[in-house]
Amino acid sequence: LSSTSPATSPAQTSINIPGHSFTCDFFVEISWEEMEEVATDTTDATDHLSLDAWEHQFPFTKSSGRNKLRWTPRLTFTNLVEEKSREEWYQVYTSKRDDASEPLERPVVCYRLRCTATFKEFFELKDFPLDAQDLQIKIISMRNKPSGASQQEVILVKNPNPRYQTVIPIRSFLVRDQYRLHPHVLASIGFTSSKASSSRIQYPRICLSMKVTRMPNFYVQVRCVMLPPPQRITPPHAPSLYRHITSPSHGPMTTPPQRQMFVVPLFICVVLSFMVVVLPIKDLADRLSLILTLLLAAIR
């Protein structure tokens, strides 16, 4: 039995570097083959598609055992911090989507989740501001390998069908002035570490990651400050001729706007300050004069 994640659409992603987390609005679809018969064309179809009829997922919670719930992969997020909103529903298909007259051997259950949530992520900042980060959504199935079974009950895979490939709406990326969002989602499939479980149980997992690359020109760029032109103030007791010359009817006297560049000059001063290392240690006067000159240039 396999569980697939065919479509993940992260949108409106915001990144919190100090908090080591990111927030995104995404849609994911999980599908699997149903073992039991599911009514889809009777009056009981609505009851079968109700969320209360299935085992709860994201997160998985065990039921009290009073009512028999329908089978699910028992999926849950492992790096979820906060869930802000969610919408989920089930859909059962007994025939092919392209040809409704051709029935399927087994019904296919599709679980769809639209959610806005915050996930924790370890950011690697050693190459700042030329770094790239992987924003990961980690999903595991709480159905481990049954005792005595030769294979896993659930295997999480990415849907290979090109019709259901991942789509990333880059235009909805909120911090596109600071990061460049790559248009692909990578899927990493495997099992959890046995050391993470006290009973040494391994659970199927799938990690969906999207890559963002920081745009260094956001931090290293020339910033220009536009200063307003100087205003001439007419003395209150000035002669009438002076009042006539400086009146608005003759137009204000303007000067070209002055531009002051801060980042590039300071960057040059910092680079030149490393020349002190080249000078011999005994030449204390030259070393101090170089540092003092650069300091005065920076202050000016």
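Scroll up for the structure.
So, here is what we can say about the structure in this document.

With that settled, consider the pattern of salt bridges. According to the stated counting rule, one finds 11 salt bridges in the structure shown. For Glu 55, the salt bridge goes to Arg 74, with nearest N and O atoms at 3.1 Å. Of this pair, Glu 55 sits in the loop between helix H1 (45-49) and strand S4 (75-77) while Arg 74 sits in the loop between H1 and S4; the two residues are 19 residues apart in sequence, bridging distant segments of the chain. Where Asp 134 meets Lys 211, a salt bridge forms, and the shortest distance between an N and an O atom there is 2.8 Å. Of the two residues, Asp 134 is situated in strand S7 (residues 132-141) and Lys 211 in strand S10 (residues 204-214); the sequence distance between them amounts to 77 residues. What emerges from the salt-bridge pattern is a single network uniting Glu 55, Arg 74, Arg 143 and Glu 153.

Evaluation of the coordinates by the stated rule reveals 12 aromatic pairs. Ring geometry for Phe 26 versus Phe 77: centroids 5.9 Å apart, planes at 90°, classification edge-to-face. One end of the pair, Phe 26, is in strand S3 (residues 21-33); the other, Phe 77, is in strand S4, and 51 residues separate them in sequence. Neither Phe 26 nor Phe 77 differs from the other in exposure class; each is buried. Its relative accessible area of 9% is what places Phe 77 among the buried residues. Joined through ring pairs, the aromatic side chains of Phe 22, Phe 26, Trp 32, Trp 54, Phe 58, Trp 71, Phe 77, Tyr 90, Tyr 111 and Phe 119 make up one cluster.

Rules of the game
- Starting from 1, residues in each chain are numbered consecutively following that chain's sequence as written.
- Local features in this predicted model are restricted to residues whose pLDDT is 70 or higher, and side-chain atom pairs enter the listing and the counts only when it is 80 or higher, whereas totals over whole chains, interfaces and linings include all residues.
- Hydrogens are left out, water is left out, and the side-chain values use all remaining heavy atoms of the structure.
- By salt bridge we mean one thing: a side-chain nitrogen of Lys or Arg within 4 Å of a carboxyl oxygen of Asp or Glu.
- By the criteria applied, helices consist of DSSP H or I runs no shorter than four residues and strands consist of E runs no shorter than two, each listed in order from the N terminus.
- Only rings of Phe, Tyr and Trp enter the pairing, Trp through its six-membered ring, and a pair is recorded when the two centres are within 6.5 Å. The plane angle decides the type: under 30 degrees is stacked, over 60 is edge-to-face, the rest tilted.
- Residue exposure (1.4 Å probe, protein chains only): buried if accessible area is under 20% of the type maximum, exposed if over 50%, otherwise partly exposed.

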